[in-house]
Amino acid sequence: MTAEVGLSGPAGLAPPGALAWVARRAEAVCIPLGALIAGLAAFGLFLAVLGKSPADFYALVYRAGFGTPFSWENTLSRTAPLLFAALCVALPARLGLVVIGGEGAIVLGGVVAGALGAALGGGFGIVGIVLMALAGMLTGALWIGAIGALRHYRGVNETIASLLLAYIAIALMNHLVEGPLRDPASLNKPSTAPLDAALRVGNIAETEIHWGLPVGIACCILAWVLIERTTWGFAARIAGGNVRAAQIQGLPVGRLILGLTALGGAFAGLAGVFEVAAVLGSANGSLVAGYGYTGILIAFLARHNPLAIIPVAILLAGFEAASGLVQRRMDLPDATTLVLQGFVFIAILLSETLYGRLRLFAPERWGRA
Amino acid sequence: MPRHALTRRGLLRGGAALAGAGTLLGPAGIARAAGPLTVGFIYVGPKDDFGYNQAHAEGAAALKSIEGVTVVEEENVAETIDVQKSMESMINFDGASLLFPTSFGYFDPHILAMAPKYPDLRFQHCGGMWSADKHPTNVGSYFGYIGMGQYLNGIAAGHATRTKKLGFVAAKPIPQVLMNINSFLLGARAVDPSITCQVIFTGEWSLAVKEAEAANALADGGADVITCHVDSPKVVMETAAARDCYLCGYHANQSSLGPDRYLTGAEWNWATVYTRMVEQTLAREPIPNFVRGGLAEGFIKMSPLGPAVSDAARAQIETTQALIVKGGFAAIKGPLMDNTGRVIATEGQSFAETDVALESMDYLVEGVLGSTS
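Along each chain, residue indices are assigned from 1 in the same order as the chain's sequence is written. All chains are assigned letters beginning at A, and all ligands numbers beginning at 1, according to the order in which they are written. Confidence filtering applies because this is a predicted model: local features only for residues at pLDDT of at least 70, side-chain atom pairs given and counted only at 80 or more, and all residues used for totals across whole chains, interfaces and linings.

Peer 1: Please provide a residue-by-residue account of the pairing of strand β6 (residues 165-170) of chain B, values included.
Peer 2: Residues and elements named next belong to chain B. Three exposure classes are used. Buried residues have 20 or more other C-beta atoms within 10 Å of their own C-beta, exposed residues have 12 or fewer, and partly exposed residues fall in between, all C-beta atoms being placed from the backbone. Only DSSP runs of H or I with at least four residues qualify as helices, and only runs of E with at least two residues qualify as strands; both kinds are numbered from the N terminus onward. Of all six residues in β6, five are buried; the element is thus mostly enclosed. Across six bridges, β6 lies against strand β7 (residues 196-201) in parallel orientation. From the neighbouring strand, Lys 165 faces β7, where its bridge partner is Thr 196. We call a crossover right-handed when, viewed with the strands running away from us, the connection from the first strand over the helix to the second turns clockwise. You can see the chain leave β6, run along helix α6 (residues 175-189) and come back into β7, and the turn it takes is right-handed. Examined bridge by bridge, β6 and strand β8 (residues 225-229) share five bridges and lie parallel to one another. If you follow Val 169 over to β8, its bridge partner there is Cys 228. A strand pair is defined by DSSP finding two or more bridges across the two strands.

The following block contains the structure:
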């Protein structure tokens, strides 16, 4: 036990308990980071087996994702929808619910915002944008909230329900933009009528990054405050840990489920709103871009911590920004980025088993009994 | 919002610093030796999809042998901010100065957002949406009259069918697709006016499961020649061949998916179109902003006729093809009604392939079983 004495020695240099506090926090950072590095390393091995240089690959990813001002602009301009999509997974996950159908809320939020925007025309300006955002959020909230309701009142598995409802949402979107909401002038690309310029969300200053990014970051911070710093969030975490215990304590589990699924859906709906108002200019099939699915990966990587979603979403957006250059320079197929994401995802899932098992992070080791 | 601005500036400054480091540390061998002209191609799906994207990739491949031309390609690029940044990435990292973002949905708003930012570069879009009064002059559009290819497919099908029932797997009821369905049936009816064609819309450009279901449903319903208009005809062709149907291809040559069953196919011929545009660029001649053509201009071509094509079919296909190439041939001509009884063309009235009225087609002609909504 001499080794342990040696290790706990530095505890004397800091206020009592501080190192234990750091050790506990360090676990939450080091394990996902380690898993990320392990996933990247495993993927590097995979590349080496294919006869491609992992060093070249990561150099290219760094260069195209983060290495130049343009790369940063490229990465950050892809980040906004990922933040919202990840929140839609992370919030219900704090209750122990695995909701993977955020794509549906994104698509429908976009369609409703696009339809409302087309109906509003010009003349409303910023008020019109706010109305569109609220309408999109309400749509998303109803869509994912309904999955929460099915779960709570009928015991329907939320994972399957949300996934299948995403397909229904896409079919509904296609029906709407090709039918009742179609702009007759959109011949070969059925869309809602183009938004008036006054309803378009612009870019931040001289960048080409639209305002969805700061709004998304603000939403992540708000969600973090809600989950980590309010009694409501505390109740949600209790319920997520053990539903029966929460019920016995008299916590409003039903309201928590409905509230957090609806809030997650509202954020996903907002992703659709920004896609329509800032990027596409009208609602159409391009809304189905798979952001909802990338959001699942981000939320799991971030361990459903809304603050951690921000850097993880930027990292994943960087991977996607780099996918083009990797294709062009290394002659690797587009699916490479997906394989990379798969490796990282598996590593993160495996790392879940490590929590509480590594003695290095045990608070008692660092001076707390 | 000064706080956001500060964060951004900080990020960009940090990015610039990292960029400097990146250039210093950049490994050898990943820099690209660029010729005088770098051409960038962007595809919405995989470039080996036996369909829309492969047709463009074959056109791009034809450029690689031209002296001084470097081709860079990117596949599976979504019609979102993704394509805007892919274009810029090709411009910034590869020095591309002539871009072919090939998917229809890339035009508005994506190409229209990039073109004013890079006024000295050229953006060529497949789809024919450019108009002089609305769009930047460094954007061009091109498209082919492939409906005539489907008309010739129809003739091959009309000779091959025994059940007198044809099948068509279609993505969406939009004008370009409706034109192909109508042309296919009218080609078949030039052989035998009793032939009908069942159409099934899958609702998506690329949705393999529904495409297989549709092909099977058509075969179950008695169709014995099947064609399609989806991004990747691979699944439809393989499914139909397994059901002993004859195949008419679309977009690219799919004969390898059913060598004995493949009659012919309506293919894009982008190699000639792209070669011409690149040669114009190299010679510093302007590429016209609006280019269209059909069989005569080398924009489309037919797959070589397969072994199941009879001599009578071959003769009729060749005669009709000669008429089309000569010019003035119309597939849509009176007297013609749509399948709801509405008059499309009266006796003596005809719509040549170049007629703009065809670009807003919203009907299925009499003999097509199915509905546009």
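Text resumes after the structure shown.
Peer 1: If you had to explain the interface of chain A and chain B to someone new, which residues and values would you point to?
Peer 2: It is the C-beta atoms, placed from the backbone, that decide contacts: two residues are in contact if theirs lie within 7 Å. With 40 residues of chain A at the interface, the matching set in chain B holds 42 residues. For the side of chain A that touches chain B, the secondary structure elements donating two or more residues are α3 (54-67), α4 (69-77), α8 (158-178), α12 (253-280) and α14 (306-330) of chain A. The leading source of residues in the side of chain A that touches chain B is α3(A), at nine residues. Of the residues belonging to the side of chain A that touches chain B, the class tally is 19 nonpolar, 13 polar and eight charged. Note on residue classes: Ala, Val, Leu, Ile, Met, Phe, Trp, Tyr, Cys and Pro are nonpolar, Asp, Glu, Lys and Arg are charged, and everything else, Gly too, is polar.

Peer 1: Which residues make up unusual backbone geometry, and what values do they have?
Peer 2: In this model, B:Asp108 is joined to B:Pro109 through a cis peptide bond whose omega is 10°. Here B:Pro109 lies in helix α4 (residues 107-114). Look at the link from B:Gly334 to B:Pro335: it is a cis peptide, with omega at -5°. Tracing the chain through its elements places B:Pro335 in the loop between β13 (332-333) and β14 (336-337). Backbone geometry places A:Asp331, a non-glycine residue, at a positive phi of 55°. Looking at the element boundaries, A:Asp331 is found in the loop between α14 and α15 (335-351).

Peer 1: Could you give me a rundown of the sheet that holds strand β10 (residues 262-268) of chain B, with the residues and numbers involved?
Peer 2: All names here are of chain B. Read from one edge to the other, the open sheet built from seven strands follows the order β12-β10-β9-β8-β6-β7-β17, with strand pairing classed as mixed. Of all the strands in the sheet, just β12 (300-302) and β17 (368-369) have a single pairing partner and so form its edges. One ladder, built from three bridges, connects β10 with β12; its direction is antiparallel. The residue bridging Ala 266 from the neighbouring strand is Met 302, located in β12.

Peer 1: Describe in detail the nonpolar core, supporting the description with residues and values.
Peer 2: All names here are of chain A. To count as a nonpolar core, a set of buried Ala, Val, Leu, Ile, Met, Phe, Trp, Tyr and Cys residues must be joined through C-beta atoms within 7 Å. Counting residues in each nonpolar core, the largest one holds 222 residues, and the members touching the most others are Leu 83, Ala 86, Leu 87 and Ile 309. The leading source of residues in this core is α12, at 17 residues. Discounting residues that sit within four places of it in the chain, Ala 86 has contacts with Gly 295, Ile 298, Ala 299, Ala 302, Ile 309 and Ala 313. One finds Leu 19, Ala 20, Ala 23 and Trp 366 within the second-largest nonpolar core, a separate group that totals five residues.

Peer 1: So what's going on with the packing of helix α13 (residues 291-301) of chain A against α15(A)? Residues and values would help.
Peer 2: Residues and elements named next belong to chain A. Axis lines are fitted to C-alpha atoms, over the contacting stretch for helices. Their N-to-C directions set the angle, which ranges from 0 to 180 degrees. Where α13 contacts α15, the two axes come as close as 10 Å, and the packing angle between them is 35°. As α13 runs across α15, the sense of the crossing is left-handed. Where α13 abuts α15, its residues Leu 297, Phe 300 and Leu 301 lie against Gln 341, Phe 345 and Ile 348. The residue makeup of the contact of α13 with α15, split by class, is five nonpolar, one polar and no charged. Should the near helix be turned anticlockwise from the far one by less than a right angle, the crossing is termed left-handed; should it be turned clockwise, right-handed.

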